[in-house]
Amino acid sequence: MPDGHLAPKGINVAIVGVGNCASSLVQGIALYRDHDRNEHTGLMHWDLGGYRPGDIRVVAAWDIDRRKVGQDVGRAIFEKPNCTLTFCADVPETGAKVRMGKVLDGFAPHMADQPENRTFLKADLPEPDRDEVVRVLRETGTHVLMNYLPVGSQKATEFYAECALEAGVAFVNNIPVFIASDEAWARRFREAGVPIIGDDIKAQVGATIVHRVLTDLFAKRGVRLDRTYQLNTGGNTDFLNMWARDRVASKKISKTEAVQAVAGERLDWENIHVGPSDYVPWQNDNKVAFIRLEGTMFGGVPMHMELRLSVEDSPNSAGVAIDLIRCAKVARDRGLSGPIEAPAAFFCKHPPRQLRDDVAYQAVEDFIREG
């Protein structure tokens, strides 16, 4: 590294789901490994708990797409149907080959009817059982397991959470399947002595954090929020997967509760709509969010605010993922177990305990400094 930094230990990471988000994460690790500390745009801290981005190593990965299985992770991240921007084309091989994953409910039936370059092509290979995944986690010395399965993968997420528990590996749940925020699962992680951070990663400057900030602004300035919506469109496999409305129930809960948590008063269900809206193929990994807030000001005078946000969806979360990985490793180093509340409150949409963003920011700063 440019300044001769020696990490206390590296961070070995395993990834479940080598899609667009994993692509941006792996590209980011490669890019920032060679960056000077003065250029660390997108990261909360260059050094977090003694760890820098270049200290992260991908040591294992699972996917079900035949174009990715068997390839080194550094190559697999550029395979279809991934469509995020390439901001670091020179990703070195990681030495970790993508293994066949457990399918369960990770592959929605409607995905089989889509064009090949837009959907998953399921590999015709034996699926691993829990013992095999646990063995790989242990043999590779994995410290943190990152869950990037498609939205709606309840059973598949639970399968990998079980593997993390048995292997004693910290679990970061980036999707809206409720594990960290479910008390039964939280208890199991506490009892096993294993840290977990989740649920549902909150992007750097995404629709949820912007919607939360504006909702909090209304509350702090004495404006009554009467109605609000957030409509999102995108063209990646995440949006295509969410065409099946039965897969988005937890996503809507996660995003809606993130906004409700900072409102002055909770809105009735008919006055708030927050969630994925439609799939527009040509947008690829670009996500467009339309946010509207209607309120009542002094004297009962009405007002409304509208905003259009356009972001590249996966890079928008990758810096947050690097911070989550490092927080999970710091928690593991300190012998913490169960839900790690401060990072979850700041970095996730549906944490075990919702905090206002300024409070969550201070809480995670205090967490980092505790060591």
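Residues numbered from 1 in each chain as written. Predicted model: local features only at pLDDT ≥ 70, side-chain atom pairs only at ≥ 80, totals over all residues. Heavy atoms only, no water.

The next thing to look at is helix α8 (residues 249-260). The end-to-end C-alpha separation of α8 is 16 Å, in line with the 16 Å expected for 12 residues at 1.5 Å each. Among all positions of α8, only Ser250, Lys251, Ser254, Lys255, Thr256, Ala258, Val259 and Gln260 are buried. Elements that come into contact with the buried residues of α8 comprise α6 (207-220), β7 (224-234), β8 (272-279) and β9 (286-296). (Helix = DSSP H or I, 4+ residues; strand = E, 2+ residues; numbered from the N terminus. Expected span 1.5 Å × (residues − 1). Buried < 20%, exposed > 50% of the residue type's maximum accessible area, 1.4 Å probe, protein only. Contact = heavy atoms within 4.5 Å.)

So, on to the sheet that holds β9. Read across the open sheet, the four strands follow the order β8-β7-β9-β10; overall the sheet is mixed. Two strands lie at the open edges of the sheet, namely β8 and β10 (302-312), each paired on one side alone. Neighbour to neighbour, the strand axes of the sheet diverge by 10° on average, direction disregarded. Relative to β9, β7 runs antiparallel, the two sharing nine bridges. Pairing of arginine 227 across the sheet is with glutamate 294, part of β9. Where α8 meets the sheet, it contacts β7, β8 and β9, and its direction lies at approximately 140° from that of β8. (Pairing = 2+ DSSP bridges. Axes fitted to C-alpha atoms, helices over the stretch in contact; angles between N-to-C directions.)

With that settled, the discussion passes to a nonpolar patch on the surface. On the surface, a nonpolar cluster with roughly 360 Å² of combined accessible area is contributed by Met297, Phe298 and Val301. Structurally, phenylalanine 298 is set in the loop between β9 and β10. (Patch = residues over 30% accessible without salt bridge, like charges linked within 9 Å, V, L, I, M, F, W, Y side chains within 5 Å. Areas by Shrake-Rupley, 256 points an atom, 1.4 Å probe, with all protein chains shown as cover. Salt bridge = Lys/Arg side-chain N within 4 Å of Asp/Glu carboxyl O.)

Moving on, we get to the environment of glycine 335. Within the secondary structure, glycine 335 sits in the loop between α9 (315-333) and β11 (338-339). Taking the C-alpha atoms as reference points, glycine 335 and glutamate 370, separated by 35 residues in sequence, lie 13 Å from one another.

We now examine the packing of helix α4 (residues 154-167) against helix α5 (residues 183-192). The contact between α4 and α5 brings their axes to 10 Å, and the two run at 20°. Accordingly, the angle class assigned to the pair α4 and α5 is roughly parallel. Handedness of the α4/α5 crossing: left-handed. On α5, the residues that touch Glu158, Ala161, Glu162 and Leu165 of α4 are Trp185, Arg188, Phe189 and Ala192. Along the lines of polarity and charge, the residues of the contact of α4 with α5 split into five nonpolar, no polar and three charged. (Parallel < 35°, antiparallel > 145°, perpendicular 65-115°, else oblique. Left-handed = near helix turned anticlockwise from the far one by under 90°. Nonpolar A, V, L, I, M, F, W, Y, C, P; charged D, E, K, R; others polar.)

Right, let's talk about the pairing of β9 for a bit. Along β9, eight of the 11 residues are buried, which leaves the element largely enclosed by surrounding structure. Judged from the 11 bridges that link them, β9 and β10 form a sheet pairing that is antiparallel. Note on β10: the bridge partner recorded for arginine 292 is glutamate 306. Hairpin geometry of β9 and β10 is characterised by an intervening segment of five residues between the two adjacent antiparallel strands and by a positive phi of about 80° at glycine 299.

As annotated by UniProt and renumbered to match this structure, "domain: Myo-inositol-1-phosphate synthase GAPDH-like" (unreviewed entry) occupies residues 206-314. As annotated, residues 206-314 has a helix share of 28% and a strand share of 38%, and its two end C-alpha atoms lie 10 Å apart. (UniProt positions renumbered as here; feature names shortened; annotations may be inferred.)

In a structure, side chains of opposite charge can pair up when their charged atoms sit close to one another. A full pass over the atoms with the stated rule returns 25 salt bridges. In this structure, the salt-bridge partner of glutamate 294 is arginine 227, at a minimum N-O distance of 2.7 Å. One end of the pair, glutamate 294, is in strand β9; the other, arginine 227, is in strand β7, and 67 residues separate them in sequence. Judged by relative accessible area, which is 42%, arginine 227 ranks as partly exposed. In this structure, glutamate 365 and arginine 369 form a salt bridge, with 3.7 Å as the shortest nitrogen-oxygen distance. Separated by four residues within a single helix, glutamate 365 and arginine 369 lie in helix α11 (residues 357-369), roughly one turn from each other.

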